[in-house]
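Fold and geometry: a report
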Amino acid sequence: MALKRPFSELDWQLTPEPVRQYIMALERMLFDMEQRIVAHEKRLEKLEVRSSKNSHNSSKPPSSDPPFSRQKRKQKKSTRAKGGQKGHKPHQRQMLDPTESHWLMPTRCACGHAQFDPQKMQPFYAHQHIELPEIEMQISHYILQQCDCPNCGRTVKAALPSDVSTGYGPRFTALIGELSGIKAMSRNDVKQLCESVLGIGIATGTIQKLVDRTSNALLPAYERIGRVARRFWCNYIDETSWFKENDLHWLWAMANERVAFYRIDPHRSKEAGGGPHRLDSLRGRISYEPRAF
């Protein structure tokens, strides 16, 4: 927008040259400032629109919503009294089969009598005490031996059985897989737990190898679940963001009445899960959120 000078051209010509140069410099400076203000206003508008986006008005997943912007649900105050309600099913501690039992006899009555007939004793209450057994790891050493062949003179060495070649048994491997996978513990947390609880020092790289070993053992069952899910007559599909090695991926869930199938994929569109797990090659009916695709 050009500036309109509040004086005539004759006044301008009568103005001394140094003053005119100074006024023109100020006009150029004012023009540049106006251009910057316009650019900043456009940038601010874009930032305001971006910051106002959430899972309700855009395709962003609910997990990306900041906690301070989530609306708190107003809960109606209940007229019931606190604690267990009358007639509700009791939730008591489950009585387990004991590994040992201790029979406790009364020692003295309030009146001072201390002689009681053992034949008239009747149990009235069982107190259950639970404790972990002392963990003692089963550690086996396989001593491989060698000798010279008396026939040809070559050195013959013993071979390690294939089922112990990894150095860790199936139960220990399954425990590492459970903690790292289902319990979502970090490799360092699993390492510290093995050292503090089991007394076993283990490297994080070894933990990762055991996790990979568990994944390979579960792969046939995982693929079978995927086949059952893809062939079912109706599936419910949804996705959420998932970071894999600091890269944004998507965790896809496909559930029906029989199975629930999960898959991590770098894509969010219907081409997610390339190959045999492509979502656009599913049979039957699919139910999903409209914003997912």
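In case you missed it, the structure is sitting above this.
Residues numbered from 1 in each chain as written. Predicted model: local features only at pLDDT ≥ 70, side-chain atom pairs only at ≥ 80, totals over all residues. Heavy atoms only, no water.

Turning our eyes to something else, we now look at the pattern of salt bridges. In a structure, side chains of opposite charge can pair up when their charged atoms sit close to one another. Across all of its chains, the model carries three salt bridges by this definition. Between glutamate 27 and arginine 5 there is a salt bridge, and its shortest N-O distance comes to 3.0 Å. In this pair, glutamate 27 is assigned in helix α2 (residues 17-51) and arginine 5 in the segment before α1 (9-14), connecting sequence segments 22 residues apart. Across the pair arginine 263 and aspartate 265 runs a salt bridge whose closest N-O atoms are separated by 3.8 Å. (Salt bridge = Lys/Arg side-chain N within 4 Å of Asp/Glu carboxyl O. Helix = DSSP H or I, 4+ residues; strand = E, 2+ residues; numbered from the N terminus.)

Applying the stated criterion across every chain yields a total of three aromatic pairs. Ring geometry for phenylalanine 232 versus tryptophan 233: centroids 6.3 Å apart, planes at 40 degrees, classification tilted. The ring of tryptophan 12 has arginine 5 sitting right over it, with the charged end atom 4.0 Å from the ring centre. (Phe/Tyr/Trp six-rings, centres within 6.5 Å; stacked < 30°, edge-to-face > 60°. Lys NZ or Arg CZ within 6 Å of the ring centre and 35° of its normal.)

Another aspect to go through is helix α5 (residues 204-231). Its 28 residues place the ends of α5 39 Å apart at the C-alpha level, agreeing with the 40 Å of an ideal helix rising 1.5 Å per residue. Along α5, the sharpest kink reaches roughly 45 degrees, centred on leucine 219 and followed within four residues by the proline proline 220. Restricting attention to buried positions, one finds in α5 the residues Ile207, Leu210, Val211, Thr214, Gly226, Val228 and Ala229. (Expected span 1.5 Å × (residues − 1). Bend = angle between axes of the 7 residues up to and from the residue. Buried < 20%, exposed > 50% of the residue type's maximum accessible area, 1.4 Å probe, protein only.)

On to the packing of helix α4 (residues 187-198) against α5, then. Packing of α4 against α5 brings their axes to within 9 Å, and their N-to-C directions diverge by 105 degrees. Considering the angle they form, α4 stands roughly perpendicular to α5. Counted together, Arg187, Asn188, Val190 and Lys191 of α4 and Thr204, Ile207, Gln208 and Val211 of α5 form the full contact between these two elements. (Axes fitted to C-alpha atoms, helices over the stretch in contact; angles between N-to-C directions. Parallel < 35°, antiparallel > 145°, perpendicular 65-115°, else oblique. Contact = heavy atoms within 4.5 Å.)

On to the environment of arginine 224, then. With respect to the helices, strands and loops of the structure, arginine 224 is situated in helix α5. Residue classification places arginine 224 among the exposed residues on the basis of a relative accessible area of 55%. Expressed as a C-alpha distance, the spacing of arginine 224 and phenylalanine 261, which sit 37 residues apart in the sequence, is 9.9 Å.

Counting residues in hydrophobic clusters, the biggest one holds 11 residues: Phe172, Ile176, Leu179, Val190, Cys194, Leu198, Ile200, Ile202, Ile207, Leu210 and Val211. Those elements that place two or more of their residues in this core are α3 (170-182), α4 and α5. Ignoring sequence-local partners within four residues, the contact set of leucine 179 consists of Ala184, Met185, Val190 and Leu193. Counting eight residues, the second largest nonpolar core, distinct from the first, contains Ala229, Ile237, Met254 and Phe261. (Core = buried A, V, L, I, M, F, W, Y, C linked by side-chain atoms within 4.5 Å.)

Nonpolar side chains collect at one region of the surface, where Tyr22, Leu26, Met29 and Met33 lie side by side and expose about 430 Å² of accessible area between them. Within the secondary structure, tyrosine 22 is located in helix α2. (Patch = residues over 30% accessible without salt bridge, like charges linked within 9 Å, V, L, I, M, F, W, Y side chains within 5 Å. Areas by Shrake-Rupley, 256 points an atom, 1.4 Å probe, with all protein chains shown as cover.)

The subject of this paragraph is the side chain of serine 180. Tracing the backbone through its elements, the reader meets serine 180 in helix α3. Serine 180 has contacts with Met185, Arg187, Val190, Ile207 and Val211, leaving out every residue within four places of it along the chain.

Turning to the pairing of strand β5 (residues 260-265), a few remarks are in order. The two faces of the sheet receive side chains in turn, since in a regular strand these alternate between them. Relative to β5, strand β4 (residues 247-255) runs antiparallel, the two being bridged by six bridges. Considered in β5, the bridge of tryptophan 250 is made with aspartate 265. (Pairing = 2+ DSSP bridges.)

Bringing the state of the cysteines into the picture now. Taken as a whole and assessed by the stated rule, the structure comprises zero disulfides. Between cysteine 109, a cysteine without a disulfide, and cysteine 111, which holds the nearest cysteine sulfur, the sulfur-to-sulfur distance is 3.6 Å. Cysteine 109 gets classed as partly exposed once you look at its relative accessible area, which sits at 36%. (Disulfide = S-S within 2.5 Å.)

We now examine the layout of surface pockets. Size it by volume and the largest pocket reaches roughly 1300 Å³. Along the wall of the largest pocket there are 28 residues; nearest its centre are Gly181, Ile182, Ser215, Leu218 and Ile264. In terms of residue count, α5 provides more of the lining of the largest pocket than any other element does, 10 residues in total. Among the residues forming the lining of the largest pocket, the class breakdown is 15 nonpolar, seven polar and six charged. Approximately 1100 Å³ is the volume found for the second largest pocket. Taken together, 23 residues form the lining of the second largest pocket, with Glu100, Ser101, His102, Ala126 and His127 sitting closest to its centre. Classifying every residue of the lining of the second largest pocket by side-chain character gives 13 nonpolar, seven polar and three charged. (1 Å grid on protein atoms, 1.4 Å probe; cavity = no way out; pocket = protein on both sides within 12 Å on 5 of 7 lines; lining within 4 Å. Points joined across faces, edges and corners; volume = space filled by probe spheres on them. Nonpolar A, V, L, I, M, F, W, Y, C, P; charged D, E, K, R; others polar.)

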